[in-house]
Amino acid sequence: GSSNYSITLNANSGGAKLVMGDMDNAEDEWLSFGAYGGINNLDTQTRDFHLYGTNSATGVYWDESTNQLGIGTTSPGETLHVVGPDSGPIAKFERSGQESVLISGNNGWGNIYTTDAVLGFGTGNNSGANSKMVINGSNVGIGDTTPSYKLDVAGTGRFTGALTGNATVVSDGAGDGVVTMGET
């Protein structure tokens, strides 16, 4: 078919937009960019959008048909699909103070947070207040956000296999079932 390619600038009370492509709408080959309808818009009609530079052919890719965004890939397989280099971090989430990532689903939610060299995992969205496990330096806390030992458990522990160590097992003698493993 014939195409009527042009660039136009439309301005009205709703805002301004720059429209590029096939202006007779015989084909869906156009792009509009501007501030209109109360928001900033980049509309690619029914086509995918690909933003990249001279050093990378992948860049940022929006797949219109699947509503998926790819960063570092032109074939995103999830709602957000990030591909980075073979080494080093591929994403950074940062804000003033404590950093956290909230993970939400239909049946619950959890968070991963870090602050002052502590890495925490838990449920809830309030800065680890409902933490289930933290790593603080070389110590791991389960139910304890400030572990003082290599493994610090607040609550009852269960081992279904053998518990081995190079130490002596000693009862505290109080009759409360507390057993300490350590050198005597």
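Below: a short report on this structure.

Thresholds, definitions, all that
Residues numbered from 1 in each chain as written. Predicted model: local features only at pLDDT ≥ 70, side-chain atom pairs only at ≥ 80, totals over all residues. Heavy atoms only, no water. Patch = residues over 30% accessible without salt bridge, like charges linked within 9 Å, V, L, I, M, F, W, Y side chains within 5 Å. Areas by Shrake-Rupley, 256 points an atom, 1.4 Å probe, with all protein chains shown as cover. Salt bridge = Lys/Arg side-chain N within 4 Å of Asp/Glu carboxyl O. Helix = DSSP H or I, 4+ residues; strand = E, 2+ residues; numbered from the N terminus. Buried < 20%, exposed > 50% of the residue type's maximum accessible area, 1.4 Å probe, protein only. Polar contact = N/O pair within 3.5 Å; in protein donor to acceptor, adjacent residues only side chain to side chain. Contact = heavy atoms within 4.5 Å. Pairing = 2+ DSSP bridges. Axes fitted to C-alpha atoms, helices over the stretch in contact; angles between N-to-C directions.

### Structural notes on a nonpolar patch on the surface
Taken together, the side chains of L51, V60, I71 and L80 define a hydrophobic patch exposed on the protein surface, amounting to about 330 Å² of accessible area. With respect to the helices, strands and loops of the structure, I71 is situated in strand β7 (residues 68–71).

### A closer look at the side chain of T73
As for its placement among the helices and strands, T73 is situated in the loop between β7 and β8 (80–82). A relative accessible area of 10% means that T73 is categorised as buried. At 3.1 Å, the side chain of T73 forms a polar contact with the backbone nitrogen of S75. Filtering out sequence-adjacent residues up to four positions away, T73 remains in contact with T58, G59, Y61, H81 and V83.

### So, the sheet that holds β8
On the basis of which strands lie adjacent, the open sheet formed by four strands has the order β5-β6-β7-β8 and mixed pairing. Looking at which strands have only one partner, the edges of the open sheet turn out to be β5 (49–51) and β8. Across the sheet, the axes of successive neighbouring strands diverge by a mean angle of 10°, strand direction being ignored.

### Here's the deal with the sheet that holds strand β1 (residues 5–12)
What the four strands build is an open sheet, ordered β1-β2-β3-β4; its pairing is antiparallel. This sheet does not close on itself; its edge strands, each paired only once, are β1 and β4 (39–43). Neighbour-to-neighbour, the strand axes of this sheet turn through a mean angle of 5°, independent of strand direction. In this sheet, strand β3 (residues 30–36) lies alongside strand β2 (residues 15–22) in antiparallel orientation, the contact comprising seven bridges. Of the residues in β3, the one forming a bridge with M20 is L31.

### Points about the pairing of β4
As paired strands, β3 and β4 are joined by five bridges and run antiparallel to one another. Bridging across to β4, Y36 finds its partner in I39. In sequence, β3 turns back onto β4 through a hairpin of two residues, with G37 there showing a positive phi of about 65°.

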